[in-house]
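# Fold and geometry: a report
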Amino acid sequence: MALDVYAACPCGSNKKLKFCCHGLEGSIEQVVRHQSAKQYKQALQLLDALDKKHPQSAWVKNLQAFTLMMDKRGPEAVGPLTKVLQIQPDNLYSIALFGLASFLANGWKSGKAAIQRAFQRCPNEYPHIIYFLARSTAEFMGSIGSPLAHRQYLGLAMRLASEENRENVFMELIEFDGDTKIPYILRGTHDLVPVAGEVAFEKEVRKSVKLAFLGCNEGAAGLFAKLAESAEAELAGLAGDEATAKRAVVASLWWNSGLCRAWDGDEKSAAESLHRSAKHADDLDAAVEAETLAQTLGRRGDREHAHRVVQSTFKIKMVSKLLTLLDETPLFVRVPQPEGQAPDPRQPVATYRVLDKNPVAGNEPASYTLDSVPRVAAEIVVFASAAQGQQEAALAIIGIEGETFTDAVAKLEAAGIDDLEKITAPGSGESISTNTVFEKEFLPLQFKRHFEASTPLGIIRRINRDNWSKFLTNEWPEMSLAALGGKTPKQAIGDESLRVPLAAWLQQIDMYADRFGLPFDVPAERARYSLPVATPREISEHTNVGTLSVLQFARLPFDKLSDQQLVAAFKRVALVQHKGSLRPLLLTIVERTSCHELLDMARVYRFLSDLGSLLMETSEAIRWLDKERARSVPTAEQFEHELDCDMRELRYRLDDPHDPVCSNLLRRMWEHYGPKVPELRGYVTGIVNLYKVSAPWMSAGEAVGAITSGGVWTPDAAAEKPAGESKLWLPGS
């Protein structure tokens, strides 16, 4: 191991090698060879021998710790590192390794002091270790459900990543921002707000910003909060413009403190700081964004005011007898099992729904109303016993806690099943709780509706839409909300003190609608509750639209963006898919022909057609799809292009499978595309059989197939490869 004796010693002491660990190079080289060959046991044996000879060597102890972590024995690495730091408290290599070892040994909360010391002191000297620590912290934050912290530490890892790792972290960030299961207010970037003041004040602000940049968010949040409280105290003696300017400073400081708390995974404290930011902000849009973020973070951790999903589990003896009894029990409906799956003891042998009324039969639209379609009170899953006693036969009934679930369990226990033996949570006779919770305000929307398999999609979508409309017009306006001081949204109309929390609650509803594909017009709802519309955001040619938060992005005047900014905006909205921004942006792009060559217009038209279908505006969906049909494509791609468009139209038309236009599309699939893509005939057969569509053009027995468990096949779904060496193009492949 040829090392320059006048270079810094690898032990991290900041001394020259000649005056520190010189003489150990040959032995350490043997250790490194074992490490490279993943022979960690042999490496540790050598290091133990070296440690006995050189008990004061930081190099040996650091390598012991590093090797233990490579051997997945991270908690054991704390010991040798503690000894080094007792002698050399400023050894940066030991500090970096100790942060990682503390995380592995004690977790985030108990190891935070060591972790953040490593973040603060070692990113320049040991970026590879701090990168791994940031990645580990990000994964932990994701596992406990702290999305802002998850993304922030991914961003820190991105800055520290080597070239080979940077792309992987970047893809994780893209995946995070595109995850529609996360409320859109928690995705994308959130920036600290610059705050100006006197020299000493600005010095403290810069110190806070630097701590946050390094990943030391708890310290940054504390400093920002201290500055905010000091500025708040000064407000009492101010008036007029001075008071207005000071309130803006206070609002910005509490915003910064709240973000840092959230980045630290402390969402409850973050919500408190952000509420205070909203209280002081004079700018309504900034106040609403702070309050929306505060409500979102506060509600995520508020299990006291949420409804849990619970289950009651029973041991059973005879599965076949049980299934017969359940099949004969009124209002217990068996759910068809997916066909063609190999037996798997981990999967239920049967699933039932417990309904509150009998299912609606037939396809007559007028028969389906909110009053006639049954709600699912609970679901029952039955598991058979597994071989060799690995799993006992069991039944679980699952639902949302409350009277509805209690009644469903009572129906089960009254079904005449003799051999049910209830399994209860340890130390109680209660049902077992799961980790799934539903916010009480959205509880009316959580109960599924039951439809027979042959019910047209359009009927199902209409009932779900009617249920949503009922929630918006009758139920939510009359709810007592903690954010409104116990008042209902109706009572809050005209109350100036509740203007911000009411507007933020509308954003909560928009996030719910956005996630589940439901219509919600925020400007119209603001007007309904006597709230002003959001102010368009000021822009310039230098505005970077890709770094705006979702709510800031939604206030962009899209018609004033340059072509390049429109392209960047499209990339952003296509990733986040906030529907409130998507449609107005797409319509602006369609009108701005100068930017068409810069964009994939096929995606633009497909987005617009899918949005039309989502809003149950079939004619609008078809209008945009026809734009895509008319787009010129190379001859070699013509067949694929036509099939893709026809499959999209079929997906839209299946709202009413008995419509003659839908029947004609099915026939075209069968006759025009079927000979070239035989697999399509199986899907057509499945649709015809499911909805009992008249299809005289299909020869009996000519094709077999059914709709897969995932639903109707579309060009967006990956098709299974047919048997043999077929080279046929399959939509979605």
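Here is a short report on the structure shown in this document. (Residues numbered from 1 in each chain as written. Predicted model: local features only at pLDDT ≥ 70, side-chain atom pairs only at ≥ 80, totals over all residues. Heavy atoms only, no water.)

### Considerations on the overall build of the protein
On a plain count of helices and strands, the protein comes out with 27 helices and seven strands. Judged by the C-alpha coordinates and their principal axes, the protein covers about 95 × 75 × 65 Å. Counting across all 733 residues of the protein, residues that qualify as buried make up 47%. Long-range contacts, defined here as pairs at least 24 residues apart, represent 61% of the contacts in the protein between residues at least 6 apart. Total accessible area on the protein stands at roughly 36,200 Å², and carbon and sulfur atoms take up 52% of it. (Helix = DSSP H or I, 4+ residues; strand = E, 2+ residues; numbered from the N terminus. Buried < 20%, exposed > 50% of the residue type's maximum accessible area, 1.4 Å probe, protein only. Contact = heavy atoms within 4.5 Å. Areas by Shrake-Rupley, 256 points an atom, 1.4 Å probe, with all protein chains shown as cover.)

### So, the packing of aromatic side chains
Counting across every chain of the model gives 19 aromatic pairs. Taking the centre distance of 6.2 Å and the plane angle of 55° together, the rings of Trp670 and Trp697 count as tilted. Placement of the pair is Trp670 in helix H26 (residues 660–673) and Trp697 in the segment after helix H27 (679–691), with a sequence separation of 27 residues. Relative accessible area serves as the criterion here: at 12%, Trp697 is assigned to the buried category. By way of ring pairs, the aromatic residues Phe442, Trp468, Phe471, Trp476, Trp505, Tyr512, Phe516, Phe520 and Tyr529 are connected into one cluster. (Phe/Tyr/Trp six-rings, centres within 6.5 Å; stacked < 30°, edge-to-face > 60°.)

### Let's talk about the environment of Gly517
Along the chain, Gly517 falls in the loop between helix H18 (499–516) and helix H19 (522–528). For the pair Gly517 and Leu614, spaced 97 residues apart in sequence, the C-alpha to C-alpha distance is 6.6 Å. With sequence-adjacent residues up to four places away left out, Gly517 is seen in contact with Arg465, Lys579 and Leu614.

### Description of the packing of helix H6 (residues 127–143) against helix H7 (residues 147–160)
Their axes nearest at 8 Å, the elements H6 and H7 cross at an angle of 165°. In terms of axis orientation, H6 runs roughly antiparallel to H7. The interaxial crossing formed by H6 with H7 has left-handed handedness. For the pair formed by H6 and H7, the contact residues are Pro127, Ile130, Tyr131, Ala134, Arg135, Thr137, Ala138, Met141 and Gly142 on the first element and Ala149, His150, Tyr153, Leu154, Leu156, Ala157 and Leu160 on the second. Looking at side-chain class alone, the contact of H6 with H7 contains 12 nonpolar, three polar and one charged residues. (Axes fitted to C-alpha atoms, helices over the stretch in contact; angles between N-to-C directions. Parallel < 35°, antiparallel > 145°, perpendicular 65-115°, else oblique. Left-handed = near helix turned anticlockwise from the far one by under 90°. Nonpolar A, V, L, I, M, F, W, Y, C, P; charged D, E, K, R; others polar.)

### Overview of helix H15 (residues 403–413)
Of the positions making up H15, those classed as buried are Phe405, Ala408, Val409 and Leu412. Along the long axis of H15, the arc covered by the buried residues comes to 100°, so they all point the same way. The secondary structure elements touched by the buried residues of H15 are strand E1 (306–315), helix H14 (319–328), strand E2 (332–335), strand E3 (350–355), strand E4 (376–383) and strand E5 (394–400). (Arc of directions from axis to C-beta.)

### Structural notes on the pairing of E1
In this structure, E1 lies alongside E5, joined through seven bridges in antiparallel fashion. Bridging across to E5, Lys315 finds its partner in Ala394. (Pairing = 2+ DSSP bridges.)

### Notes on unusual backbone geometry
The backbone of Asn14 sits at a positive phi, close to 75°, despite the residue not being glycine. Mapped onto the secondary structure, Asn14 falls in the segment before helix H1 (25–36). You can call Asn14 exposed: its relative accessible area is 73%. For Lys38, which is not glycine, the phi dihedral falls at a positive 60°. Note that Lys38 resides in the loop between H1 and helix H2 (40–53).

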